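Fold and contact review
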Amino acid sequence: SKPISEFIEKYYLHFNAAALVDASKGYVAHLKDGGKMMITLAGAMSTAELGKILAEMIRQGKVDFISCTGANLEEDLMNLVAHSHYERVPHYRDLTAQDEWDLLERGLNRVTDTCIPEEEAFRRLQKHIVEIWKDAEAKGERYFPHEFMYKMILSGVLEQYYEIPRENSWMIAAAEANLPIVVPGWEDSTMGNIFASYCIKGELTATTMKSGIEYMTYLADWYTKNSAGKGVGFFQIGGGIAGDFPICVVPMLYQDMEMHDIPFWSYFCQISDSTTSYGSYSGAVPNEKITWGKLDITTPKFIVESDATICAPLMFSYILENA
């Protein structure tokens, strides 16, 4: 039985609905032909609990690499350890400045209609991650942001706080699979800010955390080793640095490393509600990427101009039913 596939193939016949089906079928075809896939996560996908289905995609081997913002890296774990303390604010559009201030006073940081509880979410993670950072520094070891998170997850120190089923956390699935991740601009996150504060206080050294440049060289090594045959596809949720940083590995290898046999990305799909205007990268049509040496003329290209919190679970369900 393939209930999601049957539903969308029956009713999703035109416009963005049809693009969703076409892109899902393209993803399945790419995997069946032996291709690999990168998924990029921008926006607040972890707070939207996309992890419920992304974790299954990881467990079933339907994603080979993830690029995400620092917020998505940490917010999956925040939801894991503090879910019962989150508050929904369905009438967020009606909030006054005073209402927003009152949320701050209660330690609630709002993301659209969902408030993240600072004390239970941020501080529970901080207590343990700081120990791991300091332990690495004392040993003269350096790791990437996601590697420190993996260490914390696999150590079991967070299990005492789990408030959702572990199978609903994409970060647990990623850690257990040792899935390759890049987190460009990690400094722009709560944990990045906390790490910086310890550096300012002289309790940590910035170089204990591997940098964005090192993330690019890590990605370049992986891409070079994995882009043969059908190649690597690029499934972009939202826009921003989570998408732009990793997609640039191809022109970097071709132009700057002069590796003229490096393959282009071999599938491209973006879910975005950004429009093409004002020099927007997130809203640029896929063909613009041809001019930057990212996609080939023949690369299958799809864009679903809609809300990823609606579309991504449907697409992932279709992929899981068919790939």
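We now turn to the structure provided with this report. Quick caveat: nothing in here was measured; it's all calculated off a predicted structure.

Take the overall build of the protein next. When helices and strands are counted, the protein shows 13 helices and nine strands. Relative to a compact globule of 323 residues, whose C-alpha radius of gyration would be 20 Å, the protein shows 20 Å and is just as compact. Along the first, second and third principal axes, the C-alpha atoms of the protein reach 50 × 50 × 45 Å. With 323 residues in all, the protein has 50% of them scored as buried. Excluding contacts between residues fewer than 6 apart, the proportion of contacts in the protein whose partners are at least 24 apart in sequence is 77%. Carbon and sulfur atoms make up 52% of the accessible area of the protein, which totals about 14800 Å². Across the protein, 27 positive and 44 negative side-chain charges occur, with their mean positions spaced 5 Å apart.

The next thing to look at is the sheet that holds strand β4 (residues 108–111). Reading across from one edge, β3-β5-β4 is the order of the three strands in this open sheet, with antiparallel pairing throughout. Single-partner strands in this sheet number two, and they are β3 (87–88) and β4. As defined by bridge partners, β4 adjoins strand β5 (residues 114–117) across four bridges and the pair is classed as antiparallel. Its bridge partner being in β5, N109 is matched across the sheet by I116. Of the strands in this sheet, β4 and β5 touch helix α5 (residues 97–105), which is tilted by about 130° from β4.

Bringing the pairing of strand β8 (residues 267–271) into the picture now. In terms of residue burial, β8 counts as a mostly covered element, since five of its five residues are buried. Alternating positions in β8 separate into two faces, Y267, C269 and I271 on one and F268 and Q270 on the other, with burial throughout. Across five bridges, strand β7 (residues 232–237) lies against β8 in parallel orientation. Residue pairing across strands places G233 opposite Y267, the latter belonging to β8. As paired strands, β8 and strand β9 (residues 301–304) are joined by four bridges and run parallel to one another. Counterpart to C269 in the pairing with β9 is F302.

This next bit is on the packing of aromatic side chains. Scanning the model with the defined rule gives 18 aromatic pairs in all. The interplanar angle of 85° and the centroid separation of 5.0 Å between the aromatic rings of W133 and F195 together place this pair among those described as edge-to-face. Remark: F195 occurs in helix α9 (residues 190–200) and W133 occurs in helix α6 (residues 118–138); sequence separation between them is 62 residues. F195 gets classed as buried once you look at its relative accessible area, which sits at 5%. Taking 5.9 Å as the distance between ring centres and 65° as the angle between the ring planes, the aromatic pair formed by W186 and F195 counts as edge-to-face. Using a relative accessible area of 6% as the deciding quantity, one classes W186 as buried.

Turning next to the sheet that holds strand β6 (residues 181–182). Ordered by their spatial adjacency, six strands build an open sheet running β6-β2-β1-β7-β8-β9, and the pairing between neighbours is parallel. With one partner strand each, in any of the chains shown, β6 and β9 form the two edges of the open sheet.

Next up on the list: the side chain of T69. With respect to the helices, strands and loops of the structure, T69 is situated in the loop between β2 (65–68) and α4 (70–82). On the basis of relative accessibility, which here comes to 17%, the residue T69 falls in the buried class. Separated by 3.1 Å, the side chains of T69 and N72 make a polar contact. Ignoring anything within four residues of it in the chain, the contact list for T69 reads L41, A42, G43, V183, I241 and A242.

Of the positions making up α9, those classed as buried are M191, G192, I194, F195 and Y198. Viewed along the axis of α9, the buried residues span an arc of 160°, placing them on a single side of the element. Contact partners of the buried residues in α9: α4, α6 and α7 (145–155). Once α9 finishes, G202 follows within two positions and takes phi at roughly 80°, a positive value.

Let's shift gears to the packing of helix α1 (residues 3–11) against helix α13 (residues 308–322). Direction vectors running N to C along α1 and α13 enclose 120°, while the axes themselves pass 8 Å from each other. Comparing their axes, α13 and α1 come out oblique. Judged by the twist between their axes, the crossing of α1 over α13 is left-handed. Facing P3, I4, S5, I8 and E9 of α1, the residues of α13 in contact are L314, S317, Y318, E321 and N322.

Take helix α2 (residues 15–32) next. Between the first and last C-alpha of α2 there are 26 Å, a value that for 18 residues agrees with the 26 Å anticipated at 1.5 Å per step. Buried within α2 are the following residues: A18, A19, L20, V21, A23, S24, G26, Y27, V28, H30 and L31. Looking one or two places after α2, you find G34, whose phi comes out positive at around 90°.

So, how was this worked out
- Along every chain, residues carry numbers that run from 1 in the direction the sequence is written.
- Local features are withheld for residues below a pLDDT of 70 in this predicted model, meaning they are given only at 70 or higher, and side-chain atom pairs are given and counted only at 80 or more; totals for whole chains, interfaces and linings count all residues.
- Where side-chain values are given, they derive from all heavy atoms of the structure, hydrogens and water being excluded.
- Each helix is a run of DSSP H or I of at least 4 residues and each strand a run of E of at least 2, with the numbering of both proceeding from the N terminus.
- Only C-alpha atoms enter the radius of gyration; for comparison, a globular chain is expected to reach 2.2 Å times N to the power 0.38, where N is the number of residues.
- Using a 1.4 Å probe on the protein chains alone, a residue whose accessible area is under 20% of its type maximum counts as buried, one over 50% counts as exposed, and one in between counts as partly exposed.
- In what follows, a contact means two residues having at least one pair of non-hydrogen atoms within 4.5 Å.
- Here the Shrake-Rupley method, with its probe set to 1.4 Å, supplies the accessible areas, and only the displayed protein chains count as covering residues.
- His residues and chain termini do not enter the charge count, which takes Lys and Arg as positive and Asp and Glu as negative.
- In plain terms, the charge of a residue is placed at NZ if it is Lys, CZ if Arg, CG if Asp and CD if Glu.
- Between any two strands, pairing holds if DSSP finds at least two bridges.
- All axes here are fitted lines through C-alpha atoms, helices being fitted over the stretch that makes contact, and every angle between N-to-C directions spans 0 to 180 degrees.
- Stacked, tilted and edge-to-face are the three classes assigned to paired rings of Phe, Tyr and Trp, where Trp is represented by its six-membered ring and a pair needs centres within 6.5 Å; plane angles under 30 degrees give stacked, over 60 edge-to-face, the rest tilted.
- Pairing of N or O atoms within 3.5 Å defines a polar contact, subject to two protein rules: one partner must be a possible hydrogen donor and the other a possible acceptor, and residues neighboring in sequence count only if both atoms are side-chain atoms.
- What the arc measures is the spread of directions leading from the helix axis to the C-beta atoms.
- When describing relative orientation, an angle under 35 degrees is termed roughly parallel and one over 145 degrees roughly antiparallel, while 65 to 115 degrees is termed roughly perpendicular and anything else oblique.
- A clockwise turn of the near helix away from the far one marks a right-handed crossing, whereas an anticlockwise turn of less than a right angle marks a left-handed crossing.
- Helix span is expected to be 1.5 Å times the residue number reduced by one.

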